[in-house]
Amino acid sequence: MNSDTILDDLLEVGFSEDSELKKKIIENHNAGSNSIFCLVDNPRFIEMDQYSFFSFQHTLCEVIPALDANVEQIIDFVVALVAKGGTDGMSGQPNAGLRNWFSINTDAAMTAVATAKSQPGLIRDNLVFALEGLADEAVCWELVKSEVIEIQLSALTALGRGQFPVVEADIGAAILLSQIEQPLDERLLASFVLVAVKIIESSPQYEGLLSELLVRPFDPVKGIAHFTLAGVISEAPISENARIFELALKQLLNVNPEHKGTSARIAFELGKHLTSERGRAIVDFVRDYLFKNKALRSDDPLMGFICKLMANRKLFGYLLADWLGRAAVENSALLGRALAKSVEHSKVLNLDTSEIGLEPAHCMNLITRACGHFFTKPVLAAKIVIHTVSSIEEPEVHHLAANLLVDPLLSNYAGELLEFLQKIEAKDDPHGIAKLAVERSKTHLEAISSAPELVEFRPSERRRQMASNMHSDAVNKAHQESRKESVFLSMISTSTLLYGSRSRSYRRMARSEDGEELQMFDIPMQSISHSIELPRESIFDEIGLELRLIELKHTGYARK
Amino acid sequence: MKLLIRDFVASLRERNELDAIIPDMVSALGLTVLTRPSIGTRQFGVDMAAVGRLDDAPETLYLFTIKMGNIGRGDWSNGEQSVRASLDEIRDVYISSHVPPEFAELPIQIVLCFGGELREAVLPNWSGYTAQHQTELLKFSMWNGDKVADMILTGVLGSELLPVAARRSFQKAVALTDEPEVSFEHFCKVLNLLRKMADDDDTQAPKITRTITIALWVLYVWARENDNIEAAYLAAERTFLTFWDMLKDDFGKKEKPDQVIAVALTQVLNLFSVIFENFYDAKVAAFVSVPQALAMALRTQNPIDVNLGMFELIGRLALHIIWQNWSLDKLIKDDVEVDEIAARRKRIDTLVTHLKEIVNNNQVLNLPVCDRQVTEIGLVLVALVYSGRHYDFIENWFSAMTMRLWMTGTRRSGFPTSKQAYREIVLSRNGRLTDEEFNASTKGSTIVPLVAAWMAAFGNKEASSRLAQVTEKRLAHTTMQTWLVGADSEANIYLDQNEHGVALTDLKITETGAELLEILRKASNDTKSDLDGLSATRTGFYPIILLACRHWHLPVPLQFWIGALGEDNPPLAQL
């Protein structure tokens, strides 16, 4: 069995499981008759594409722990496999095999530690797997004291990644405290944070240690530490460790907004772990601390996090009411922008302001700003208005709500919005605000519509034609631009039908028994249409509309 | 052509419309008009008197009683204004005591003139009446719509006065009133051809002005029937300016200007006023207080057209108010009855209130799309200042305009462009412009200095500061300017023959505006003699200058409003 045969077998099994093959590979290798390590030098393997490699990568990962080898050989083999995986997320899988190999061969792990301490090279680069395989906390703490940063990082990662429990909290805390006196590189700082969290889990008295670390300046460009911070925020027990939470969040907010991937990852990390209670605590913190001390930017990573929170029904109502109603104007503007992009309409119907305890002035802020921020989603804005005022008894708020429904909403939109308001049942609108607004709007519209056409000022045919041509050109240009940037279109091929209402084509398809045969593909054509209702004022007074929306978004009613 | 004219005559709805046509028509036929129709004074059944020969008949005194539309049984004998009552009154009173002595010996013909037809049921009454009262020296004749049309065609619009080329253009102008731009172009061709004929032969000038006046009437009536008076409005403006250009050299001289042309000028001015008022009362007045109603009445999906249309509307209304003010001054000078003066004053007040309501209820008027709309802003200023100042309104309006100038300038989106072509205006509103596009679109501004001057005079520091800010940050490349009448304007302003006047440039927009006001005042004084030198100013017809500014899109000369910003003006802040 040479490396070609191994490769053929591996390819044949592919993504399936074949314990016989694994057994055969291990036996042949350990018997010395056919080393699996030769595989990585096989020209076919070298030339192979990643997809083919990944089809059998799992088989090799499972084989690795049982292989007879010395440290250099096994690491060389694993490094070659990892390199074959390239930059794909799956490329690190063989490392798990290496970790397991070290957990079986603990003497080899100790050899690897000794070699790594004495010289740089592949063994030092892969020290973390040896330490994780060894699972010896004392060895790790000892290495944390090393003067070689790569060794320190490997030890801290092994301690922080949780492959084995950290029980020697006193020793660890002492070592960390001695280390953080010195200037720290960001990678080290992140790793210290990670380990500190582990220590605090078992020994909360060391909270101060994490605080010490979190007040250190992080390098916002690299963003590595922020993944760790995101983890701290999403998992640290807020009630017991408010200070940690606050510090971590503060650090998080220093992330460079240009670093889009980091921001997205943070939002993802935060969002996936949040429960309602936790989200509420974060909201409280954001309101009490951030809005008072930091002017948020719309591209702030926290915005992504906020949007994630929106997915939670109760939190949505709370956030919306709180931020649009109570927050400072500049923050409500930013949040409004973020909300307008991410809000799902149906969630708003569950908004109950009585639960939130808003005062009338807050409600007035909420409904006014909602009309400004959600102007292009008039049904959503109307829902917020109706649901906000339904549990409020203040005539002043009702008056404002009816006015807002009429202007700017109904005066600009007459389609879906009107239908929605007409269908609202009395129990959902106990003060009859929707009905009143619809009647007033109807009267106004009738007055407007009765004006005869001022044909005298109609643009000439020449101008109409010119404007129409220019509009068509602009639409075509936008259409072409959008096609250029469309991910969807870049993934598919297109056919253009000149005639007919359906597309039919024949392709030669392989059949297992009879070879190939022609198969018909028949696709009926379907029309896709999209329509939007433009606000009337975008025609009558587009600049005035912009100003009006700014005014609505920035309205601030004072508490009585 | 005959069909066209017959329909025109039949469409003359008001009695005074036919009254306006008949004198020109009979003059063109060779009669001398002795008295013209007028309202209010008792005429004993005679609406118009003329003397002369028609169709080889001996010289005759023609007494016209003019009625509107068709004549049926009710029109024949019911009431004081009935046909029979008028005929009786002419016979019983006018002929016996009011015929001028120099015509006392002439045979008399009573003409029943009307735009429609005599109903069959009334024919026996007419025949019986004329047979009973006809004598050797008193005859009766009936000029119905068909005959009036024939007379117009053979006389005032005959081939001698309306050559084939002009006739062709005239027919196109009338036929295309629902495409006003094209209709107006054709009417201008008629106007230019006839003007050239008048210039070539002075003696023909009076006849030609009559032809133009009738042609304008025909255009107006057809446009009205088509429910689009735009071509007629523009044609009336151009006709008025043309007549003034023909007459201006005679005004102010010792010998009187040609009376026929002077009358034609008055007629066109009246028609101009009628055209606007009819349009305004029918389509605008009832909706001035309804928010956005007029903007919506433009029925367009293009915001630029809404903006252009609405500014056009307030410009015309303002010009009308200015003419009304001018006419009020004349009434006061002529010492007419107090009631008439009060009625005119009330009408002006109503129109001014409407003007303010239109601006307040159509916020699109808070910022024009292009700089040339400064004309309309200037006209509104003049109309308001001359009608009782209304400074509060002006300040509020300009505050709103300042806010928008600031916002659109800061954002490089929607700032009034100095470009004039429609295509370029559309392009200038194409979202947020690049620095390069914005600079190209805003090379000059007359609006910013105008608004800045007023805000400085009002002492409105916030607005002045905003204008200074946006000028410094975004409009450093813009030539801030205004336009002044120059020594060469008299020859060119009425018909826009050549570029004329002075562009006052390098105006500084600062936080106080003190220097701007100082320069404007100085420039106003320095060019006062040029403005005073215009024939329209010399003869007291100052609204003609504003009409020319509107028609040719020139900024209103600052002399018309700078006085309102005087240091001794109590409502304004002291600088």
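Residues numbered from 1 in each chain as written. Chains lettered and ligands numbered in written order. Predicted model: local features only at pLDDT ≥ 70, side-chain atom pairs only at ≥ 80, totals over all residues. Heavy atoms only, no water.

1. Some points on the nonpolar core
Judged by nonpolar contacts, the single largest core of 188 residues is most densely connected at I152(B), I358(B), F398(B) and W454(B). Examining the composition of this core, we find that 14 residues originate from one element, helix α13 (residues 303–333) of chain B, more than from any other. Filtering out sequence-adjacent residues up to four positions away, I152(B) remains in contact with I5(B), F8(B), V9(B), I21(B), M25(B), L157(B), G158(B) and I214(B). Counting 70 residues, the second-largest nonpolar core is a separate cluster that includes V63(A), A108(A), L143(A) and L176(A). (Core = buried A, V, L, I, M, F, W, Y, C linked by side-chain atoms within 4.5 Å. Buried < 20%, exposed > 50% of the residue type's maximum accessible area, 1.4 Å probe, protein only. Helix = DSSP H or I, 4+ residues; strand = E, 2+ residues; numbered from the N terminus. Contact = heavy atoms within 4.5 Å.)

2. Things to note about the interface of chain B and chain A
Listed as interface residues are 49 residues of chain B and, on the opposing side, 33 residues of chain A. With its nearest N and O atoms 2.3 Å apart, the salt bridge here joins E181(B) to R462(A). For the side of chain B that touches chain A, the secondary-structure elements that each account for two or more residues are α8 (180–200), α11 (259–284), α12 (293–297), α13, α16 (391–411) and α17 (422–428) of chain B. Here the side of chain B that touches chain A gets eight residues from one element, more than from any other, and that element is α13(B). Among the residues forming the side of chain B that touches chain A, the class breakdown is 24 nonpolar, nine polar and 16 charged. (Salt bridge = Lys/Arg side-chain N within 4 Å of Asp/Glu carboxyl O. Nonpolar A, V, L, I, M, F, W, Y, C, P; charged D, E, K, R; others polar.)

3. As for α13(B)
For an α-helix, the turn length of 3.6 residues means that residues three or four places apart are oriented alike. Between its first and last C-alpha, α13(B) extends 45 Å over 31 residues, near the 45 Å set by a 1.5 Å rise per residue. Of all 31 residues in α13(B), 26 are buried, a share of seventy percent or more. (Expected span 1.5 Å × (residues − 1).)

4. Describing the pattern of salt bridges
Scanning the entire structure with this criterion turns up 39 salt bridges over all chains. In this structure, R99(A) engages E132(A) in a salt bridge whose closest nitrogen and oxygen atoms are separated by 2.6 Å. With a gap of 33 residues between them, R99(A) in helix α6 (residues 93–104) and E132(A) in helix α9 (residues 127–134) connect regions that are remote in the sequence. The two residues R99(A) and E132(A) agree in class, both being buried. One salt bridge in this structure joins R412(B) and D435(B), with 3.6 Å as the shortest N-O distance. Here R412(B) is found in the loop between α16 and α17, whereas its partner D435(B) is found in helix α18 (residues 435–441), with 23 residues between them in sequence. R412(B) sits in the buried class, given a relative accessible area of 17%. Look at D435(B) and you get partly exposed, because its relative accessible area is 44%. Taken together, the salt bridges that share partners define one network made up of E230(B), E237(B), E312(B), R316(B) and R550(B).

5. A few points about the environment of T239(B)
All names here are of chain B. Take T239: it is sitting in helix α10 (residues 230–247). Taking relative accessible area as the criterion, T239 reaches 0% and is therefore assigned buried. T239 sits 30 residues away from T209 along the chain, and the two C-alpha atoms are 9.3 Å apart. Look past the residues within four positions of T239 in its chain and what remains in contact with it is F187, L191, I212, L216 and V268.

6. Let's talk about the packing of helix α9 (residues 205–225) of chain B against α10(B)
Residue and element names in this part refer to chain B. With their axes 9 Å apart at the nearest point, α9 and α10 run at an angle of 165 degrees to one another. The angle between α9 and α10 falls in the class roughly antiparallel. The interaxial crossing formed by α9 with α10 has left-handed handedness. Contacts between α9 and α10 involve A205, T209, I212, T213, L216, L219, Y220 and A223 from the former and A231, A232, A235, A236, T239, F243 and M246 from the latter. Classifying every residue of the contact of α9 with α10 by side-chain character gives 12 nonpolar, three polar and no charged. (Axes fitted to C-alpha atoms, helices over the stretch in contact; angles between N-to-C directions. Parallel < 35°, antiparallel > 145°, perpendicular 65-115°, else oblique. Left-handed = near helix turned anticlockwise from the far one by under 90°.)

7. As for the packing of aromatic side chains
All names here are of chain B. Inspection of every chain in the model, using the stated rule, returns 32 aromatic pairs over all chains. Consider the rings of F398 and W454, whose centres lie 6.3 Å apart with planes at 90 degrees: the pair is edge-to-face. Taken together, the residues span a long stretch of sequence, with F398 in helix α16 and W454 in helix α19 (residues 447–458) at a distance of 56 residues. Classification of F398 as buried rests on a relative accessible area of 0%. Residue W454 is classed as buried on the basis of its relative accessible area, which comes to 0%. (Phe/Tyr/Trp six-rings, centres within 6.5 Å; stacked < 30°, edge-to-face > 60°.)

8. Focus on the pairing of strand β5 (residues 138–143) of chain B
Within a regular beta strand, the side chains point alternately toward one face of the sheet and then the other, so they alternate between its two faces. Bridge count between strand β4 (residues 108–114) of chain B and β5(B): six bridges; the pairing is parallel. When the bridges of β5(B) are listed, I110(B) appears paired with F140(B). (Pairing = 2+ DSSP bridges.)

9. Quick notes on the side chain of N228(B)
Tracing the backbone shows N228(B) in the loop between α9 and α10. Polar contacts involving the side chain of N228(B) include one to the main-chain amide nitrogen of E230(B), which spans 3.2 Å. Setting aside its immediate chain neighbours within four residues, N228(B) contacts V455(A), E456(A), T177(B), D178(B), P180(B) and A223(B). (Polar contact = N/O pair within 3.5 Å; in protein donor to acceptor, adjacent residues only side chain to side chain.)

10. Let's talk about the sheet that holds strand β3 (residues 60–67) of chain B
All names here are of chain B. Taken in spatial order, the five strands make up an open sheet running β1-β2-β3-β4-β5, and their pairing is mixed. The strands lining the two open edges of the sheet, one partner per strand, are β1 (32–35) and β5. Sheet twist, expressed as the average angle between the axes of neighbouring strands with direction ignored, equals 25 degrees. Direction of pairing for β1 relative to strand β2 (residues 48–52): antiparallel, over a ladder of three bridges. Across the sheet, V33 pairs through a bridge with A50, a residue of β2. Along the sheet, helix α4 (residues 83–97) contacts β2, β3, β4 and β5; its crossing angle with β3, the most-contacted strand, is approximately 145 degrees. Most of the contacts of helix α5 (residues 123–133) go to β5, to which it runs at about 160 degrees, and overall it touches β4 and β5.

11. So, unusual backbone geometry
Excluding glycine, a negative phi dihedral is what most residues carry, and trans is how most peptide bonds are arranged. That bond from D407(A) to P408(A) is cis: its omega, 25 degrees, falls within 30 degrees of zero. By the secondary structure assignment, P408(A) is in helix α26 (residues 395–410). The residue D496(B) is not glycine, and still its phi comes out positive at about 55 degrees. If you trace the backbone, D496(B) turns up in the loop between α21 (489–492) and β9 (502–504). The backbone phi angle of H553(B) is positive, close to 55 degrees, even though this residue is not glycine. Here H553(B) lies in the loop between α25 (543–552) and α26 (559–562).

12. Some points on a nonpolar patch on the surface
Taken together, the side chains of L497(A), I523(A) and M525(A) make up a nonpolar region of the molecular surface, amounting to roughly 260 Å² of accessible area. Within the element layout of this structure, L497(A) appears in the loop between α30 (487–491) and β1 (502–511). (Patch = residues over 30% accessible without salt bridge, like charges linked within 9 Å, V, L, I, M, F, W, Y side chains within 5 Å. Areas by Shrake-Rupley, 256 points an atom, 1.4 Å probe, with all protein chains shown as cover.)

13. Regarding helix α7 (residues 106–118) of chain A
All names here are of chain A. With 13 residues, α7 should reach 18 Å at 1.5 Å per residue; the first-to-last C-alpha distance of 19 Å fits that figure. Buried within α7 we find A108, A109, A112, V113, T115 and A116. Elements in contact with the buried residues of α7: α5 (71–84), α6, α8 (122–125), α9, α10 (137–144) and α11 (149–160).

14. Here we look at the confidence of the model for chain B
Residue and element names in this part refer to chain B. For chain B, mean pLDDT is 88; residues scoring 70 or higher make up 95% of the total. Of all secondary-structure elements in chain B, the lowest mean pLDDT belongs to helix α1 (residues 2–11), at 76, while α25 reaches the highest, 96. In this model, residues 568–575 is a region of pLDDT below 50 whose contacts with residues beyond four sequence positions or in other chains number 20 contacts. Confidence metrics for the complex model read pTM 0.70 and ipTM 0.80. (pLDDT = per-residue confidence, 0-100.)

15. Details of the confidence of the model for chain A
Residues and elements named next belong to chain A. Per-residue pLDDT for chain A averages 77, and the proportion of residues at 70 or more is 71%. Confidence scores differ between elements of chain A, with helix α22 (residues 345–348) showing the lowest mean pLDDT of 46 and α26 the highest of 93. In the model, residues 256–260 has pLDDT below 50 throughout and makes eight contacts with residues more than four positions away in sequence or in other chains. The low-confidence segment residues 344–349, where pLDDT is below 50, has 13 contacts with residues more than four positions distant or belonging to other chains.

16. Some thoughts on the side chain of E132(A)
For E132(A), a relative accessible area of 5% gives the class buried. Filtering out sequence-adjacent residues up to four positions away, E132(A) remains in contact with R99(A), T157(A), A158(A), R161(A), Q163(A) and F164(A).

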